[in-house]
Amino acid sequence: MNKRAIRIPFVDLNLQHQPIQTQLEQAIQAVLKQGDFILGEALSNFEAAFAAASGTEYGVGVASGTDAIALGLEACNIGTGDEVILPTNTFIATLIGVLRVGAKPILVDCDPQTALIDLEAAAKVVTPRTKAIIPVHLYGQMVSPRQLLDFADTYKLLIFEDAAQAHLAERDGYRAGSVGIAAAFSFYPSKNLGAFGDGGMVVTRDPDIAQKMVRLRNYGTSQKYFHVEAGTNSRLDTLQAAVLLEKLPYLPKWNSDRLSIAQQYDLELLPSASAGIIPMQNQSDAGHVYHLYVIKVDESCPLTRQQIQDKLTAEGIQTGIHYPIPCHLQPAFTNLGYQLGDFPQAEKLAKQILSLPMYPGLSNSQIQEVVAAIASILSSEQQQLLCI
Ligand SMILES: *Cc1c(COP(=O)(O)O)cnc(C)c1O
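Not measured: the values here are computed from a predicted model.

Asker: What am I meant to see in the UniProt feature "modified residue: N6-(pyridoxal phosphate)lysine" (unreviewed entry) in the chain here?
Answerer: Mapped onto the present numbering, the UniProt feature "modified residue: N6-(pyridoxal phosphate)lysine" (unreviewed entry) falls on Lys-191. Within the secondary structure layout, Lys-191 lies in the loop between strand E8 (182–186) and strand E9 (200–204). Looking at Lys-191, the relative accessible area reads 13%, which means it is buried. In this structure Lys-191 touches Ala-164, His-167, Ser-186, Arg-258 and His-291, once residues within four positions along its chain are discounted.

Asker: Looking at this structure, how should I read the nonpolar core?
Answerer: The biggest cluster of nonpolar side chains holds 109 residues, and the ones touching the most others in it are Phe-46 and Tyr-265. Considering each element in turn, this core owes the most residues, seven residues, to helix H13 (residues 364–387). When residues are assigned to domains, this core turns out to be shared by domain 1 (14–249) and domain 2 (251–387), each giving three or more. Apart from residues no more than four positions distant in its own chain, Tyr-265 is found in contact with Tyr-293, Leu-356, Pro-357, Leu-362, Ile-367, Val-370 and Val-371.

Asker: Hey, could you run me through the sheet that holds strand E14 (residues 353–356) in this one?
Answerer: To summarise the sheet geometry, strands pair through backbone hydrogen bonds and adopt either a parallel or an antiparallel arrangement. Here three strands make up an open sheet; going across it, the order is E12-E13-E14 and the pairing antiparallel. With partners counted over all chains shown, the strands left at the sheet margins are strand E12 (277–279) and E14, one partner each. Pairwise comparison of adjacent strand axes, ignoring direction, gives a mean angle of 35 degrees for this sheet. Summarising the sheet, E12 and strand E13 (residues 293–297) pair through three bridges and their orientation is antiparallel. Looking at the pairing, Ile-278 lines up with Lys-296 of E13. In the packing of helix H11 (residues 305–314) onto the sheet, the strands contacted are E12, E13 and E14, and the crossing angle to E14 comes to about 25 degrees. Here helix H12 (residues 344–352) sits on the sheet in contact with E13 and E14, set at roughly 50 degrees to E14.

Asker: What should I look at first to understand the domain arrangement of the chain in this one?
Answerer: Where interface size is given, it is often the accessible area lost as the parts come together that is meant. One can read the domain layout of the chain as domain 1 (14–249) and domain 2 (251–387). Each of domain 1 and domain 2 has a C-alpha centre, and the two are 26 Å apart. Opposite the 40 residues of domain 1 that make contact, domain 2 presents 37 residues. Summed over both sides, the interface of domain 1 with domain 2 buries roughly 3,400 Å², with 62% coming from carbon and sulfur. For domain 1, the biggest contributors to the area lost against domain 2 are Thr-88, Tyr-139 and Asn-192; these three give 21% of the whole. Counting across the domain 1 and domain 2 interface gives zero salt bridges. Linking domain 1 with domain 2 are 23 residue pairs in polar contact (both at pLDDT 80 or more), by the criterion used here. For the side of domain 1 that touches domain 2, the secondary structure elements donating two or more residues are helix H1 (14–17), helix H5 (92–100), strand E3 (104–108) and strand E6 (170–171). Residues that form the side of domain 1 that touches domain 2 fall into these classes: 22 nonpolar, twelve polar and six charged.

So, how was this worked out
Along each chain, numbering runs from 1 in the same order as the chain's sequence is written. pLDDT decides what is reported in this predicted model: residues at 70 or higher carry local features, side-chain atom pairs at 80 or more are listed and counted, and totals for whole chains, interfaces and linings draw on all residues regardless. Side-chain descriptors were evaluated using all non-hydrogen atoms of the structure, hydrogens and water having been removed beforehand. UniProt positions are given in the numbering used here, feature names are shortened, and annotations may be inferred rather than shown by experiment. A run of H or I in DSSP becomes a helix once it reaches four residues, and a run of E becomes a strand once it reaches two; helices and strands are each numbered from the N terminus. Three labels apply to residues, based on accessible area from a 1.4 Å probe with only protein chains included: buried if under 20% of the type maximum, exposed if over 50%, partly exposed otherwise in between. Any two residues having at least one pair of non-hydrogen atoms within 4.5 Å are treated as being in contact. Joining through side-chain atoms within 4.5 Å is the link that ties buried Ala, Val, Leu, Ile, Met, Phe, Trp, Tyr and Cys residues into a set, and such a set is a nonpolar core. Where each domain starts and ends comes from a domain assignment, either automatic or drawn from a database. If DSSP finds at least two bridges between two strands, the strands pair. Here an axis means a line fitted to C-alpha atoms, over the contact stretch when the element is a helix, while the angle between two N-to-C directions is reported on a 0 to 180 degree scale. Put simply, buried area is the surface a 1.4 Å probe can reach on two separate parts but cannot reach once they are joined, added for both. A pair is scored as a salt bridge if a Lys or Arg side-chain nitrogen falls within 4 Å of a carboxyl oxygen belonging to Asp or Glu. The term polar contact refers here to a pair of N or O atoms within 3.5 Å; inside protein, the definition further demands a hydrogen-donor-capable atom paired with an acceptor-capable atom, and it admits residues adjacent in sequence only when both atoms are side-chain atoms. In the scheme used here, Gly and all other residues not listed as nonpolar or charged are polar, with Ala, Val, Leu, Ile, Met, Phe, Trp, Tyr, Cys and Pro taken as nonpolar and Asp, Glu, Lys and Arg as charged.

Structure, rendered in structure tokens:
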């Protein structure tokens, strides 16, 4: 493949950081001066600010989003003997979190319009052992809170949100993280709110869960050298918290930039719909925070997803696939007993989805360039077909 220089990257974090670089450096300097690197002041300030921004009460910072899921589930007393429902088309960390607490993951298929968990399919796998459901607010769109709460109420289940892609997303009047008993966020650098390294947080309205989280991330410590649980070492660094606290006020603007970019993509891609290029559906209006902008290259397209991705790469346009292999088909998890064919929608999507460049600062002309490149790939293919 002809790999030209990248003209439009998939993400560009510099555009976010350069305008506030001085501010970020000062925040880091302040921590260096204060020296409270572990469980310091900036951490508690950021925990309070992020929990409030997410419409909840307590935030407990941890080392990653993966730890936020595993420790968060443990803090909610979900573990051995419990079944936990989650979508198969998620980032692998959702599944790993469930396995880490010793619970049994029960995978389900998704809605092909949105790629969000199919709650009707979820209803069919509920058993007396089902304790919780993990809705993944995939690509920045929340699983409908109204439907989720209804579902959880019907089957008497806990809701633990994987909000790693949905900082400040909204739907049905709820913020991501405020629907369930607790929720996990990730601050991986390219997430909507990203640190300068790894980071995560559990948010909750329940003071007991918050207290248990505070212990679990710190060796199960209730008072110094007194351990009431077999916890671990998973704290969000004060330095990372200081960076995140500085970035948090810009998040609403960055999210609304993402929404405008998505709206422009939607509009400009309309003419390509007849050629099988279909954007994932936004069912939450302005509440979608577009961590990713994902299109489907469906069966009516004369080209495959792979062909389109390769041609875009050759044009210097970087894209991604989130995710190319659903959890149930990953080699590490064959022991769960699932097979090819078990989740047809997720399996089909995995072959059709393509994530286009999406980040605050992506310009109108860059969006037009991406869309024009797709259109020209399609039209040259159609011309070739006509010549045969
Ligand atoms: C990023 C992500 C995670 C894991 O977060 P890390 O901070 O990378 O451990 C979990 N779930 C989803 C849906 C994610 O996108």
